[in-house]
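Notes for the structure review
Given next are the chains, with one letter for each unit.
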Amino acid sequence: MGSAVTHAPALEGRTDPGPRHGPVKPPRPDGLKRRGRRENLAGYLFMSPWIAGFLLLTAGPMAASLYFAFTDYNLFDAPRWIGLDNFSEMFGDPRWRHSVRITLWYVVVGTPIKLIAALGVALLLAQKRRGQAFYRAAFYAPSLIGASVSVAIVWKAIFSDDAVVDRTQQLFGIDAGGWTGDPELIIYSLGALTVWQFGAPMVIFLAGLKQVPRELYEAADVDGAGKLRQFWNITLPMISPVLFFNVLLETIHSFQIFSSAYIVGGGAGGNACGPADGTMVYTCYLYVQGFENSRMGLASAMAWMLLVAVALVTAVLFWSQKRWVHYEEGGR
């Protein structure tokens, strides 16, 4: 007799997909889904003031100004599309080129002097001495009030004819007169006002100096390194991230200067940006074209050109920081 052979059941028609790979996530209960939607809705409600402000006060005006940059618009008539005419007129305007030169001088000369003054005072205040808190507050105070209109008015009075600066010059036999009335000297009074406001970068430098390990200076003293060599080989590399931050921030602020240049230069009228356009920084000329000449289309084109210029300078600074900014982990 032959043995009975049993066969496995046939697999044809099987609908089971077989075992799945990995754990199977249980379905999320409806209650948790509703709770998640409520939390998301609450989050969007809390964010709605910022979103509305961004759309109405930032994104919307930026989009409108980008459109106006290609139009002839004077605030009273409907904008008329003119393409690139505003940009071609801007590049051919000698006063626009003069404003670019004044702004570049202000950025290239004023910003480094301000940062050097801030770092020098921060090095002095980093040392323990009596009354240190008072000196920190005293040096920082000009940064709080320096950008105000009242201080700019006082600064203009100080540098005017027969004022404090003029009389001090006369004591030394210098008969240069007031700086605010001289087209060649008024920009220096504006630069002096900028340097006087070194308190904010000074505080940032001071915070960076506090983070430098004292062991490095002690080892340098043992090796016989002098103060100058310690500053160049220890202090500067260790605070280079802070230095980069200050350079970036102050450069952007220098491109945006307006109120002090406008007030020191003379304010509204034909002398809005100083005698012979002595304080005709870029934003001051933008204001003249937009609000005194009612040429909002041209002013919008100038504003977007300034935005592009600041973006390019920022990109160059970020590219260059790979070569001279040192971080704690040793990278650049």
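First, a word on what this report is: a plain description of the structure on this page. Numbering of residues begins from 1 in every chain and follows the order in which that chain's sequence is written. Given that this is a predicted model, residues contribute local features only at a pLDDT of at least 70 and side-chain atom pairs are listed and counted only at 80 or more, while totals for whole chains, interfaces and linings are drawn from all residues. Only hydrogens and water are set aside when side-chain values are computed; all heavy atoms of the structure are taken into account.

**Concerning the environment of G278**
- In this description a helix means any DSSP run of H or I spanning at least four residues, a strand means any run of E spanning at least two, and both kinds are numbered starting from the N terminus. Locating G278 in the fold gives a position in the loop between α12 (259-265) and α13 (282-292).
- Considered as a pair, G278 and G181 are 97 residues apart in the sequence and their alpha carbons are 9.3 Å apart.
- Each residue touching G278, except ones within four places of it in the same chain, is listed here: I102, P183, I186, I187 and C273. Should any heavy atoms of two residues lie within 4.5 Å, those residues are counted as being in contact.

**Focus: helix α11 (residues 240-255)**
- With 16 residues, α11 extends 22 Å between its outermost C-alpha atoms, agreeing within 8% with the 22 Å of an ideal straight helix rising 1.5 Å per residue.
- Those residues of α11 that fall on the buried side of the exposure criterion are S240, V242, L243, F244, N246, V247, L248, E250, T251, S254 and F255. Given a helix with a known number of residues, its expected span is that number minus one, times 1.5 Å. For every residue, the accessible area (1.4 Å probe, protein chains only) is compared with the maximum for its type, and the residue is labelled buried under 20%, exposed over 50%, or partly exposed between those bounds.

**Considering the packing of helix α3 (residues 94-125) against helix α7 (residues 186-196)**
- The axes used here are C-alpha line fits, helices contributing only the stretch in contact, and every angle between their N-to-C directions lies in the interval 0 to 180 degrees. At a minimum axis separation of 9 Å, α3 and α7 run at an interaxial angle of 35°. Along this stretch, α3 crosses α7, giving a crossing that reads as right-handed. Residues I102, W105, Y106, G110, I113, K114 and A117 of α3 lie in contact with α7, whose contacting residues are I187, Y188, L190, T194 and V195. Handedness of each helix crossing follows the sense of rotation of the near helix against the far helix: counterclockwise by less than a right angle gives left-handed, clockwise gives right-handed.

**Regarding the packing of aromatic side chains**
- Working definition: rings of Phe, Tyr and Trp (its six-membered ring) pair if their centres are within 6.5 Å, and the pair is stacked with planes under 30 degrees apart, edge-to-face with planes over 60 apart, and tilted otherwise. If you walk through the whole model with that rule in mind, you get 20 aromatic pairs.
- When the centroid spacing of 5.4 Å and the interplanar angle of 5° are considered together, the rings of W50 and F54 count as stacked. Of this pair, W50 and F54 are both found in helix α1 (residues 30-68), four residues apart, which corresponds to roughly one turn of the helix.
- Measuring from ring centre to ring centre gives 4.5 Å for F68 and Y73, while their planes differ by 20°; the resulting arrangement is stacked.
- Relative accessible area serves as the criterion here: at 22%, F68 is assigned to the partly exposed category.
- Among the residues examined, Y73 registers a relative accessible area of 16% and is labelled buried.
- Grouped by ring-pair contacts, the aromatic residues Y67, F68, F70, Y73, W81 and F87 constitute a single cluster.

**A look at a positive patch on the surface**
- In this scheme, patches are assembled from residues that exceed 30% relative accessible area and form no salt bridge. Like charges are connected within 9 Å, while nonpolar side chains (Val, Leu, Ile, Met, Phe, Trp, Tyr) are connected within 5 Å. Shrake-Rupley sampling with a 1.4 Å probe provides the accessible areas, and residues are treated as covered by the protein chains on show and by no other component. A carboxyl oxygen of Asp or Glu within 4 Å of a side-chain nitrogen of Lys or Arg is what we treat as a salt bridge. Neither His nor the chain ends is counted toward charge; the positive residues are Lys and Arg and the negative residues Asp and Glu. To locate a charge, take NZ of a lysine, CZ of an arginine, CG of an aspartate or CD of a glutamate. On the surface, a cluster of positive charge is made up of K33, R34, R37 and R38.
- Relative to the elements of secondary structure, K33 occurs in helix α1.
- Under the relative-accessibility criterion, K33 is labelled partly exposed at 37%.

**Things to note about the nonpolar core**
- In this text, buried Ala, Val, Leu, Ile, Met, Phe, Trp, Tyr and Cys residues form a nonpolar core when linked through side-chain atoms within 4.5 Å. Ranked by internal contacts, the top residues of the largest apolar core, which has 30 residues, are M90, Y282 and M302.
- Put simply, the parts of the chain that give this core at least two residues each are α2 (85-91), α3, α7, α12, α13 and α14 (296-324).
- Of all the elements, α14 adds the most residues to this core, at six residues.
- With residues near it in sequence (within four places) discarded, Y282 still touches M90, W96, S99, V100, T103, M302, M305 and L306.
- Core analysis: the next-biggest nonpolar cluster, separate from the first, contains 24 residues, L119, L125, F205 and L248 among them.

**Brief notes about a nonpolar patch on the surface**
- The grouping of Y44, M47, W50, I51, F54, L55, L56 and L57 at the surface amounts to a nonpolar patch, some 910 Å² of accessible area in total.
- Secondary-structure assignment places M47 in helix α1.
- Assessed through its relative accessible area of 41%, M47 is described here as partly exposed.

**Remarks on unusual backbone geometry**
- The phi dihedral of D162 falls on the positive side, at around 60°, and the residue is not glycine.
- With respect to the secondary-structure elements, D162 resides in the loop between α5 (149-158) and α6 (164-171).
- When its relative accessible area of 46% is taken as the criterion, D162 is described as partly exposed.
- You will see that D277, though not glycine, has its phi angle at about 60°, which is positive.
- Looking at the secondary structure, you find D277 in the loop between α12 and α13.
- Residue D277 is classed as buried on the basis of its relative accessible area of 17%.

**Comments concerning the side chain of N246**
- Examined against the element boundaries, N246 turns out to sit in helix α11.
- Residue contacts for N246: discarding those within four places in its chain leaves L115, P201, I204 and F205.

**As for the pattern of salt bridges**
- Scanning the entire structure with this criterion turns up five salt bridges.
- Of the charged contacts, one joins D72 and R80 as a salt bridge, the two residues approaching to 3.2 Å between their closest N and O atoms.
- On the accessibility criterion, D72 (36% relative accessible area) is partly exposed.
- R167 is paired through a salt bridge with D162; the nearest N and O atoms lie 3.4 Å apart.

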